[in-house]
Amino acid sequence: MIPRAIPPFVRKLAGFYPVVTILGPRQSGKTTLAKALFPAHEYRSLEAEDIRLAARDDPRGFLANGTKPMVIDEVQRFPSLLTYIQEMADARGEKGQYILTGSQQPDLAAAIGESLAGRTGICELLPLSLGELDAAGLAADTARDALLWRGFMPRLWADDAPIDPATYYRDYFQTYVQRDVRRLVNIQDLDTFSVFVRLLAGGAGQLLNRDSLARDAGISVPTAVKWLNALEASFLVFRLRPWHGNLGTRQIKSPKIYFSEPGLAAWLVGIRDASQIAAHPLIGSLFENLIVAEARKSRLNRGLDPDMWFYRNAKGTVEVDLLLEADGKLHPREIKASSTYSGHFRKSLTGFAKAVPAAAPPKIVYSGCTLGNLAIDFHDTASWCP
């Protein structure tokens, strides 16, 4: 098991709350993390039908069976159980009694809000980060093209029985993505849904145009919105909103969409081998996806809100790929897939500095950097390429 960066935050939550909820995409390592951090807890998975039926038939008995604290996996399969968890947690009055994991949000989020408000700490575990790979001594395997092809799913970095990334992501898409999204929305035509997700991957890092996306996929705009929301609820994609001095304006402008797992995005656009990366027309978008996802992991692993945006002026002449907020300042980051540094990279950053003079000094990340050096706290400006 590759050591993860998030355990200090999870342990901190377990010392504060009777319940800790670990959310994240399928196979990001939630179960492994929960078992490793809480070995004395009894483990039960609601993915197993017999366990799920036992919980539904007698939820109080299910939770009271034994005196051990409990890890309950895939709790989104039976969100109503949270009402009984609240009851048991209140009765016992102990911290860290229940460790829950889940990979879908809507029903689970509603159940948490209704039953566990003030009783649970919530964290989000994404796939492996560059920092975790670097700490595990795997920096030699983190060349740009290899990373974009292989991705960051823990299964793909396991020493035992390694699997080819193309095979893994094909099975992942068919087994988890299609199945989980079908649970959230009624998808009749899986082929059309597959086209939709591939179009979304092809537009990663671009402004989201729902009308164009729906038209290209051959579906209605409401259907496109529903499918996109389901993918986001399953932690497969996330939105990066534009920064604007007016908070309300930030919420209504078009966001950009990124994939939590860059390797899945690469597979969806047709990449089946690392040798295809360098000449691929979407190399810039894929590399940007990788770095933006890394910034998100950096914050979530430390228990911070992902306060991240991009900047684009009204004319579209100045655009900064990533803005991070820390210490009351905006930290602009420009992302380039090129292996060779160019002064031209600073053009948009210069325009942004004029528009927002109070921002922190800008930094540039390009693929000519040693990617191991990017395995950092994304506010540690000294570690960024010049």
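No experiment lies behind these values; they were computed from the predicted model shown.

Novice: Before we go on, may I ask you to explain the side chain of Thr101 in this structure?
Specialist: When you line up the elements, Thr101 lands in strand S4 (residues 98–102). With a relative accessible area of 0%, Thr101 lands in the buried category. Separated by 3.0 Å, the side chain of Thr101 and the backbone nitrogen of Glu74 make a polar contact. The residues contacting Thr101, other than those within four sequence positions of it, are Ile22, Lys30, Ala34, Ile72, Asp73, Glu74, Val75 and Gln76.

Novice: When you look at the pairing of strand S1 (residues 19–23) in this model, what are you seeing that I'm missing?
Specialist: Working note: regular strand, side chains alternate between the two faces of the sheet. Of all five residues making up S1, five are buried, and the element is well covered by its neighbours. Alignment of S1 against S4, held across five bridges, turns out to be parallel. By the bridge assignment for S4, Leu23 is matched with Gly102. As paired strands, S1 and strand S5 (residues 120–124) are joined by five bridges and run parallel to one another.

Novice: Could you clarify how one ought to interpret the packing of aromatic side chains in this entry?
Specialist: Aromatic ring pairs are reported here in terms of the distance separating the ring centres and the angle at which the planes meet. Summed over all chains, the structure comprises 12 aromatic pairs. On the numbers, 6.5 Å between centres and 80 degrees between planes, the contact of Phe16 with Tyr17 is edge-to-face. Among the residues examined, Phe16 registers a relative accessible area of 49% and is labelled partly exposed. Under the relative-accessibility criterion, Tyr17 is labelled partly exposed at 27%.

Novice: I tried to follow the sheet that holds strand S11 (residues 363–366) on my own but got confused; where do I start?
Specialist: Strand pairing in a sheet relies on backbone hydrogen bonds. The paired strands run either parallel or antiparallel. Spatially, six strands are ordered S7-S6-S8-S9-S10-S11 in an open sheet, and the strand pairing comes out mixed. Each edge of the open sheet carries a strand with a single partner, namely strand S7 (256–259) and S11. Taking the axes of each pair of neighbouring strands and ignoring which way they run, one obtains an average angle of 35 degrees across the sheet. The sheet contact formed by strand S9 (residues 319–326) and strand S10 (residues 329–336) spans five bridges and is antiparallel. Looking across to S10, one finds that Ala326 is bridged to Lys329. Along the sheet, helix H12 (residues 221–233) contacts strand S6 (237–242) and S7; its crossing angle with S6, the most-contacted strand, is approximately 105 degrees.

Novice: I tried to follow helix H9 (residues 165–184) on my own but got confused; where do I start?
Specialist: Within an α-helix, residues lying three or four positions from one another point in the same direction, as the helix has 3.6 residues per turn. Along its 20 residues, H9 runs 27 Å from first to last C-alpha, staying within 8% of the 28 Å computed at 1.5 Å per residue. Taken together, the buried positions of H9 are occupied by Pro165, Ala166, Tyr168, Tyr169, Tyr172, Phe173, Tyr176, Val177, Gln178, Asp180 and Val181. Against the buried residues of H9 lie helix H8 (144–150), helix H10 (190–202), H12 and helix H14 (262–268). Structurally, the start of H9 carries an N-cap: the backbone nitrogen of Ala166 is 3.2 Å from a side-chain oxygen of Asp164.

Novice: In this structure, what is going on with the packing of H10 against helix H11 (residues 210–217)? I would like to understand it.
Specialist: Each packed pair of helices is defined by two parameters, the angle between the axes and the distance between the axes. Relative to each other, H10 and H11 sit at 140 degrees, their axes nearing to 9 Å. In terms of their interaxial angle, H10 and H11 are classed as oblique. Considering how the two elements wind past one another, H10 and H11 form a crossing that is right-handed. Together, Thr192, Val195, Phe196, Leu199 and Leu200 of H10 and Leu213, Asp216 and Ala217 of H11 make up the contact between the two elements. Tallied by class, residues from the contact of H10 with H11 come to six nonpolar, one polar and one charged.

Novice: Please clarify how the sheet that holds strand S3 (residues 70–73) should be interpreted in this entry.
Specialist: A sheet is described by the order of its strands in space; here five strands give the open sequence S2-S3-S4-S1-S5, paired in parallel fashion. The two strands at the open ends of the sheet, each matched to only one other strand, are strand S2 (42–45) and S5. The sheet shows a mean angle of 15 degrees between the axes of neighbouring strands, direction not considered. The pairing of S3 with S4 spans three bridges and is classified as parallel. Bridge assignment links Ile72 to a residue of S4, and that residue is Leu100.

What counts as what
Residues numbered from 1 in each chain as written. Predicted model: local features only at pLDDT ≥ 70, side-chain atom pairs only at ≥ 80, totals over all residues. Heavy atoms only, no water. Helix = DSSP H or I, 4+ residues; strand = E, 2+ residues; numbered from the N terminus. Buried < 20%, exposed > 50% of the residue type's maximum accessible area, 1.4 Å probe, protein only. Polar contact = N/O pair within 3.5 Å; in protein donor to acceptor, adjacent residues only side chain to side chain. Contact = heavy atoms within 4.5 Å. Pairing = 2+ DSSP bridges. Phe/Tyr/Trp six-rings, centres within 6.5 Å; stacked < 30°, edge-to-face > 60°. Axes fitted to C-alpha atoms, helices over the stretch in contact; angles between N-to-C directions. Expected span 1.5 Å × (residues − 1). Parallel < 35°, antiparallel > 145°, perpendicular 65-115°, else oblique. Left-handed = near helix turned anticlockwise from the far one by under 90°. Nonpolar A, V, L, I, M, F, W, Y, C, P; charged D, E, K, R; others polar.

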